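# What the coordinates show
For reference, the chains in residue letters:
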Amino acid sequence: MMLMVVVIVLPGIAQNDIDFKEFTLDNGLHVIMHKDNTTPIVVTSVLYHVGSKNENPDRTGFAHFFEHLLFEGSENIGRGEYMKKIQSEGGTLNAYTSNDITYYYETLPSNKLELALYMESERMLHAKIDQVGVDTQREVVKEEKRQRYDNQPYGTILPETLKRAYVKHPYHWAPIGSLEHLNAASLEEFMQFYNDFYVPNNATLTIAGDIDYEQAEDWVKKYFSEIPKSNEDIYRPDVSEPKKTAETRDIIYDDIQIPAVIQAYNLPAKNDPDSYAMDMLSTYLTGGNSSLMTKELVDKQQKALAVAAIPLDLEDGGIFIMYGITNMGIKAEDLESEIDVLIKQVQDQGVSERDFEKLQNIIENDLVSKNATLAGIAQNLSQSHVFYGDTDHINEELEKYREVSREDLQRVAQKYLTLDGRVVLYYLPKSEQAQE
């Protein structure tokens, strides 16, 4: 008999609490269900706790490759039929890969929930891993790399920054990985990666929408309970990135016309209490048209055409990547010095009461927006379970941000935006390289 642990979260005092029910199958698959009968749709997602950090350093890009490969079909779903089956029922589907996870999801009319569960169980139990699929998806990934990285102005910011920001941790390569590694890999290596990571005890299944809890649970047991768990330990890199004591500087010559300045600062682990304050600080510095950097450097001083950020809050400790594209006639070093002035200003003076209140409103609106759709709720429920070990984190997140004070913003600016451990890159036109 299959034993299950069931937890029901009852409505709380908070106005926008997300109610859910969760249980774990004997094979380790964790299941989260959220019922919302207001619209006749349902979102089904599976989060596999495998990202680029779980890869062999000589075989990078595997997790992202499997994001594509697992749409090829299964023993019972013909090649190329996976997407057609969902779309023919009026559904949509997609997936993404990060340094930490791979996430698959589909949205369907709620009377097609059983179909979605069948499809995801097929992907988990016996996906089609063969040479034809591998060769096909290699070409897809090559084209994606050309379009998103190689032929995109400033497109290599992420991989170029990561490989300098991390010395030991496998975060130092981007999820796209190496095409040379993918080309060199054998079919057996791909099959082994599938068997190692795409298993029920490394997965979280989330169902959100117009469902009946009892019926949904019965279907989950029908399609997933017989999938065998892995008897091997799931590989998790146990690597501590050493604290950097020196600034890293470099120049990247790119097919661009206008220089750019990139700065990267180390962040705490995703579940560190400081992560809330750092998220608010990054929003204050670079989050949109009302941010400090945009108002000062783009609007007022007109030294930058744009200022933005890529805040990677990763499971084992991410990085805050901030970049500015210079205005015409402005040198990269001049823009960098002005960015440093503004960072020093926050470190020395903090954030004004008025700006802090505006920032709180922005953060709260963003949190509400995250849970405004069933797709958003499904994703946040699964990530709350995986990253925080507590699915109810979805209901505690707003309070965590409300606990952040103005003094916290100043403190984390002083603690994490340090000059001695940062990475600074100048992106310069290739024409300047020829002049040197």
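How each quantity is defined
Residues numbered from 1 in each chain as written. Predicted model: local features only at pLDDT ≥ 70, side-chain atom pairs only at ≥ 80, totals over all residues. Heavy atoms only, no water. 1 Å grid on protein atoms, 1.4 Å probe; cavity = no way out; pocket = protein on both sides within 12 Å on 5 of 7 lines; lining within 4 Å. Points joined across faces, edges and corners; volume = space filled by probe spheres on them. Helix = DSSP H or I, 4+ residues; strand = E, 2+ residues; numbered from the N terminus. Nonpolar A, V, L, I, M, F, W, Y, C, P; charged D, E, K, R; others polar. Core = buried A, V, L, I, M, F, W, Y, C linked by side-chain atoms within 4.5 Å. Buried < 20%, exposed > 50% of the residue type's maximum accessible area, 1.4 Å probe, protein only. Contact = heavy atoms within 4.5 Å.

### Some thoughts on empty space enclosed by the protein
Leftover empty space is mapped by rolling, across the atoms, a probe with the size of a water molecule. Counted under the stated rule, the structure contains two cavities of 30 Å³ or more. Lining the largest cavity we find T283, Y284, G287, S290, S291, L292, K295, D355, K358, L359 and I362. At the level of secondary structure, the elements contributing two or more residues to the lining of the largest cavity comprise α9 (274-286), α10 (292-300) and α12 (353-370). Considering only residue class, the lining of the largest cavity consists of four nonpolar, four polar and three charged. There is about 30 Å³ of room inside the second largest cavity. Around the second largest cavity sit M280, Q360, I363, E364, Y401 and R402, which together line it. Put simply, the parts of the chain that give the lining of the second largest cavity at least two residues each are α12 and α14 (393-402).

### Structural notes on the nonpolar core
Formed by 76 residues in total, the largest nonpolar core has its most connected members in F66, I129, F190, Y198, V220, F224 and Y427. With sequence-adjacent residues up to four places away left out, F66 is seen in contact with Y104, I129, F190, F193, Y194 and Y198. Judged by nonpolar contacts, the second largest core, of 40 residues, contains V261, L267, Y276 and A304.

### Brief notes about α10
Burial in α10 covers these residues: L292, M293, T294, L297 and V298. In this structure, the buried residues of α10 make contact with α9, β10 (304-312), β11 (319-326) and α11 (332-349).

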